[in-house]
Amino acid sequence: MKIPCELIVWYVLPSIRRALARELVERHELSQAEVARRFGVTDAAISQYLRSKRGINKEMEDSDKYPEFREEVVRAATRMLHGSDIVTETCNICKMVKDSGMLCKIYEIQARERAPACVWCEGD
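On a predicted model such as this, the values are computed, not experimentally measured, just so you know.

**Describing the overall build of the protein**
- From N to C terminus, the protein includes seven helices and zero strands.
- Going residue by residue from the N terminus, the α and β elements of the protein occur as α-α-α-α-α-α-α.
- Taken over C-alpha atoms, the radius of gyration comes to 15 Å for the protein, in line with the 14 Å a tight globule of 124 residues would show.
- If one aligns the C-alpha atoms of the protein with their principal axes, the spans along those axes are about 40 × 25 × 25 Å.
- Within the protein, buried positions represent 44% of all 124 residues.
- A separation threshold of at least 6 residues defines the contact pool for the protein, and within that pool the share at least 24 residues apart is 65%.
- On the protein, roughly 6,900 Å² of surface is accessible, and the fraction owed to carbon and sulfur atoms is 50%.
- Of the charged side chains in the protein, 20 are positive and 20 negative; the average position of the first set lies 4 Å away from that of the second.

**What about the packing of aromatic side chains?**
- Across all of its chains, the model carries two aromatic pairs by this definition.
- Ring plane angle 85 degrees and centroid distance 6.5 Å describe the contact between W10 and Y11, whose orientation is recorded as edge-to-face.
- The class of Y11 is partly exposed, set by a relative accessible area of 23%.
- The ring of Y49 has R54 sitting right over it, with the charged end atom 5.7 Å from the ring centre.

**A few points about the nonpolar core**
- V12, L20, F39 and F69 are the most contacted members of the largest nonpolar core, which totals 36 residues.
- For this core, the elements supplying multiple residues, two or more each, are helix 1 (4–27), helix 2 (32–39), helix 3 (43–50), helix 5 (66–81), helix 6 (86–100) and helix 7 (102–111).
- Top element by residues in this core is helix 1. It accounts for nine residues.
- Among all residues touching F39, those that are not within four sequence positions of it are R17, L20, A21, L24, I46, M80 and I86.

**Digging into helix 3**
- Taken residue by residue, helix 3 has A45, I46, S47, Y49 and L50 as its buried positions.
- Close packing links the buried residues of helix 3 with helix 1 and helix 2.
- Downstream of helix 3 by a residue or two, S52 has a phi angle that is positive, lying close to 60 degrees.

**Points about empty space enclosed by the protein**
- Here the structure, examined in full by the defined rule, presents one cavity of 30 Å³ or more.
- By volume, the largest cavity amounts to about 50 Å³.
- Every residue lining the largest cavity is listed: S15, R18, A19, G55, N57, M60, E61, Y66 and F69.
- Of all the secondary-structure elements, those providing two or more residues to the lining of the largest cavity are helix 1, helix 4 (58–61) and helix 5.

**Describing the packing of helix 5 against helix 6**
- Two numbers describe how helix 5 lies on helix 6: the axes approach to 10 Å, and their chain directions differ by 165 degrees. Overall, the two elements helix 5 and helix 6 adopt an arrangement that is roughly antiparallel. The hand of the helix 5/helix 6 crossing is right-handed. Facing E68, F69, E72, V73, A76, R79 and M80 of helix 5, the residues of helix 6 in contact are I86, E89, N92, I93, M96, V97 and S100.

Criteria and thresholds
- Residues numbered from 1 in each chain as written.
- Predicted model: local features only at pLDDT ≥ 70, side-chain atom pairs only at ≥ 80, totals over all residues.
- Heavy atoms only, no water.
- Helix = DSSP H or I, 4+ residues; strand = E, 2+ residues; numbered from the N terminus.
- Rg over C-alpha atoms; globule rule 2.2 N^0.38 Å.
- Buried < 20%, exposed > 50% of the residue type's maximum accessible area, 1.4 Å probe, protein only.
- Contact = heavy atoms within 4.5 Å.
- Areas by Shrake-Rupley, 256 points an atom, 1.4 Å probe, with all protein chains shown as cover.
- Lys, Arg positive; Asp, Glu negative; His and termini not counted.
- Charge placed at Lys NZ, Arg CZ, Asp CG, Glu CD.
- Phe/Tyr/Trp six-rings, centres within 6.5 Å; stacked < 30°, edge-to-face > 60°.
- Lys NZ or Arg CZ within 6 Å of the ring centre and 35° of its normal.
- Core = buried A, V, L, I, M, F, W, Y, C linked by side-chain atoms within 4.5 Å.
- 1 Å grid on protein atoms, 1.4 Å probe; cavity = no way out; pocket = protein on both sides within 12 Å on 5 of 7 lines; lining within 4 Å.
- Points joined across faces, edges and corners; volume = space filled by probe spheres on them.
- Axes fitted to C-alpha atoms, helices over the stretch in contact; angles between N-to-C directions.
- Parallel < 35°, antiparallel > 145°, perpendicular 65-115°, else oblique.
- Left-handed = near helix turned anticlockwise from the far one by under 90°.

None of the figures reported here should be taken as evidence of function without further support.
Here it is as structure tokens:
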């Protein structure tokens, strides 16, 4: 049995970083270096997110909840431009992923078993 938090680290967090990096560079025209500084990663990591070498998660992208995820990313990027930070915004997006049921679906696909009864999966 996998711990749901492991899946967050392996699948969700990289997807959040990729989506935020793309939003900040492509829509808000921040430099890769500025995004890397804000994220606390290297310029090369941001380059890999932008070129889809990191952070691809088909389970999330194929989810019917993915438009909600994208909307939350757009809001998070805007808040970051107005003083919020990567930690706060990553946690907000991650909470949305858990609350929407996306994490349970990722769990079931990756672990090949029903998600355990937990705070996020109860009632599914």
